[in-house]
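Remarks on the overall topology
Read off the chains here:
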Amino acid sequence: MKVINLLGQDFHLACENFSSKIKESFTPDIIIGVLTGGGIIGREMFPTFQNNPNCRYIEVKLQRGSTKAKEASKIKMILKHLPEWILNIMRIVEVELLELKAKVTKPHRYGTISLDSEIQQILSEKGKRILIIDDCIDTGWTLKLIKEYLENNFPDNEIKIAVFTTAHRRPIIKADFQLYNRTLIRFPWAYDAKSCNC
């Protein structure tokens, strides 16, 4: 496993390249960005899908407990001052520990999937092409819950998943589109990202 940086212009170019790859075989009617990372990527990529003038963009939020813990701690300030090689080791260790933990306990996800009435109406028409965008698949629970919610509440739509990378060896759900596998990505919003012109 390795760690790469997608900061500043590299991030913008990666989003353009990824949307081009997706558009080769899929034109979505609705794009769903999974907050936080997938929302940022989704907002960046959405304008490139304007070949479908009726395409809509929405965001949903579910997260794991460790993400909430990092948000609430002072660790962000410490991470900004550590050398990149230490940060890379910390990232790899975190993924390996989360993967081991996921074998023993089911990861907790929480959040509300709420769609406004206009989006619900569009999804109820059936035959829509839905693209769920996230930054990374770890265990896969977040994306599995979102996909199952859509399948159960709005059947007969085509749902595809796009992520920049898959971190875990055996997630419970696989992406239809991805750029990397077993590669950790330091995005502009990461707690350990050094300052950049993003």
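Structural notes, computed from the coordinates. (Residues numbered from 1 in each chain as written. Predicted model: local features only at pLDDT ≥ 70, side-chain atom pairs only at ≥ 80, totals over all residues. Heavy atoms only, no water.)

The nonpolar side chains of soluble globular proteins are, as a tendency, buried together. Of all hydrophobic cores here, the largest spans 22 residues; its most connected members are Leu115, Leu123, Ile132, Leu143, Ile146 and Leu150. Of all the elements in the fold, those that place two or more residues in this core are strand 2 (30-35), strand 3 (56-61), helix 6 (117-124), strand 6 (129-137), helix 7 (141-153) and strand 7 (158-166). Not counting chain neighbours up to four residues away, the residues in contact with Leu115 comprise Ile58, Val60, Gln120, Leu123, Tyr149, Leu150 and Phe154. In terms of nonpolar packing, the next biggest core, distinct from the first, is built from 21 residues, Leu6, Cys15, Ile133 and Phe177 among them. (Core = buried A, V, L, I, M, F, W, Y, C linked by side-chain atoms within 4.5 Å. Buried < 20%, exposed > 50% of the residue type's maximum accessible area, 1.4 Å probe, protein only. Helix = DSSP H or I, 4+ residues; strand = E, 2+ residues; numbered from the N terminus. Contact = heavy atoms within 4.5 Å.)

Let's shift gears to the environment of Ile31. As for its placement among the helices and strands, Ile31 is situated in strand 2. On the accessibility criterion, Ile31 (0% relative accessible area) is buried. As for Ile31 and Cys55, which are separated by 24 residues in sequence, their C-alpha atoms are 7.4 Å apart. Excluding residues within four positions of it along the chain, Ile31 makes contact with Phe46, Phe49, Cys55, Arg56, Tyr57, Ile58, Leu131 and Ile133.

Next up on the list: the pattern of salt bridges. Should the charged atoms of two oppositely charged side chains come close, the side chains can pair. For the coordinates displayed, the defined rule picks out 8 salt bridges. In this structure, Arg43 engages Glu59 in a salt bridge whose closest nitrogen and oxygen atoms are separated by 2.5 Å. In this pair, Arg43 is assigned in helix 2 (residues 37-45) and Glu59 in strand 3, connecting sequence segments 16 residues apart. The class of Arg43 is partly exposed, set by a relative accessible area of 45%. Linking Arg56 and Glu118 is a salt bridge whose minimum nitrogen-to-oxygen distance equals 2.2 Å. With Arg56 in strand 3 and Glu118 in helix 6, this pair connects stretches of sequence that are 62 residues apart. (Salt bridge = Lys/Arg side-chain N within 4 Å of Asp/Glu carboxyl O.)

Note that Ile58 resides in strand 3. What makes Ile58 buried here is its relative accessible area of 12%. Counting along the chain gives 15 residues from Ile58 to Arg43, while the straight-line C-alpha distance between them is 9.0 Å. Discounting chain neighbours no more than four positions away, the residues touching Ile58 are Ile30, Ile31, Ile32, Gly33, Leu115 and Ile119.

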